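If you want the building blocks of each chain, they are given just below.
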Amino acid sequence: MDRAQKEKLVDELGQIFESSGVVVVAHYTGLTVAEMQDLRARARDAGGSVRVAKNRLAKIALEGKPCASIANFLTGMTVITYSEDPVAAAKVAEDFAKTNKKFEILGGAMGNNALDRAGVEAVSKMPSREELIASIVGCIGAPASNIAGAIGAPASNIASILSTIEDKAAA
């Protein structure tokens, strides 16, 4: 890799570190190619990405970035999982770590906040952006359906009373 390629890679990593809602760093020693492809597919499905980069270049890219605190985790064979959604990458990494013991989460960053192993786990348990939007829409839609039900209820009550009166008159 020549100097121009390294500079380009550092720029790409810098953009990743600036734009990501969450960055998770993990060791991947011993993972097969198929397992790495599975991790990449899971991340892609969740709206995130996985990147393997030289630690030295990643540390250079981290200088002056909000998540510079993860530089301490960049030792050995590391993989970076990231996403714009503040929860997606953490969920993907946690789920993958549960099924694959060779994938060891070291920590990460969420904006300016450094996350240790427990912090990444806590972030992964938070609801995703889509889940929050769905719950908000559900809360907004519930009063409307209650109003529609309340408006329709008197008519059904009158109909049932009339039906009861008819039954008594017929008997």
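Please read all numbers here as calculations on a predicted model, not as lab measurements.

Caption draft 1: The environment of Arg42, seen in detail. Here Arg42 lies in helix 2 (residues 33-45). Using a relative accessible area of 28% as the deciding quantity, one classes Arg42 as partly exposed. Residues Arg42 and Asp95 lie 53 residues apart in sequence; the distance between their C-alpha atoms is 9.3 Å.

Caption draft 2: Just a positive patch on the surface, in detail. Taken together, the side chains of Lys6, Lys54, Arg56 and Lys59 make up a positively charged region of the molecular surface. You can see Lys59 is positioned in helix 3 (residues 55-62).

Caption draft 3: Structural context of helix 5 (residues 117-124). Restricting attention to buried positions, one finds in helix 5 the residues Gly119, Val120, Val123 and Ser124. One side of helix 5 holds all its buried residues, which, seen down the axis, span an arc of 140°. Residues of helix 5 that are buried make contact with strand 1 (22-27), helix 4 (88-99), strand 4 (104-110) and strand 5 (113-115).

Caption draft 4: Just the nonpolar core, in detail. Core analysis: the biggest nonpolar cluster contains 21 residues, and Val24, Met36, Leu39, Val79, Phe103 and Ile105 have the highest contact counts within it. Those elements that place two or more of their residues in this core are strand 1, helix 2, helix 4 and helix 5. Per-element tally for this core: the top contributor is helix 4, with six residues. Excluding its chain neighbours within four sequence positions, the residues that come into contact with Val79 are Val24, Val25, Ala26, Tyr28, Met36, Val50, Arg51, Val52 and Phe103.

Caption draft 5: Just the pairing of strand 2 (residues 48-51), in detail. Only one face of strand 2 is buried: it carries Gly48 and Val50, and the other face, with Ser49 and Arg51, is open. Direction of pairing for strand 2 relative to strand 3 (residues 78-83): antiparallel, over a ladder of four bridges. The residue bridging Gly48 from the neighbouring strand is Ser83, located in strand 3.

Caption draft 6: Structural view of the packing of helix 2 against helix 4. Relative to each other, helix 2 and helix 4 sit at 150°, their axes nearing to 10 Å. In terms of orientation, helix 2 lies roughly antiparallel with respect to helix 4. Pair helix 2 / helix 4 crosses with right-handed handedness. Between helix 2 and helix 4, the contacting residues are Glu35, Asp38, Leu39, Arg42 and Ala43 on the first element and Val92, Asp95, Phe96 and Thr99 on the second. Among the residues making up the contact of helix 2 with helix 4, the classes are represented as four nonpolar, one polar and four charged.

About the cut-offs
- Residues numbered from 1 in each chain as written.
- Predicted model: local features only at pLDDT ≥ 70, side-chain atom pairs only at ≥ 80, totals over all residues.
- Heavy atoms only, no water.
- Helix = DSSP H or I, 4+ residues; strand = E, 2+ residues; numbered from the N terminus.
- Buried < 20%, exposed > 50% of the residue type's maximum accessible area, 1.4 Å probe, protein only.
- Patch = residues over 30% accessible without salt bridge, like charges linked within 9 Å, V, L, I, M, F, W, Y side chains within 5 Å.
- Areas by Shrake-Rupley, 256 points an atom, 1.4 Å probe, with all protein chains shown as cover.
- Salt bridge = Lys/Arg side-chain N within 4 Å of Asp/Glu carboxyl O.
- Lys, Arg positive; Asp, Glu negative; His and termini not counted.
- Charge placed at Lys NZ, Arg CZ, Asp CG, Glu CD.
- Arc of directions from axis to C-beta.
- Contact = heavy atoms within 4.5 Å.
- Core = buried A, V, L, I, M, F, W, Y, C linked by side-chain atoms within 4.5 Å.
- Pairing = 2+ DSSP bridges.
- Axes fitted to C-alpha atoms, helices over the stretch in contact; angles between N-to-C directions.
- Parallel < 35°, antiparallel > 145°, perpendicular 65-115°, else oblique.
- Left-handed = near helix turned anticlockwise from the far one by under 90°.
- Nonpolar A, V, L, I, M, F, W, Y, C, P; charged D, E, K, R; others polar.

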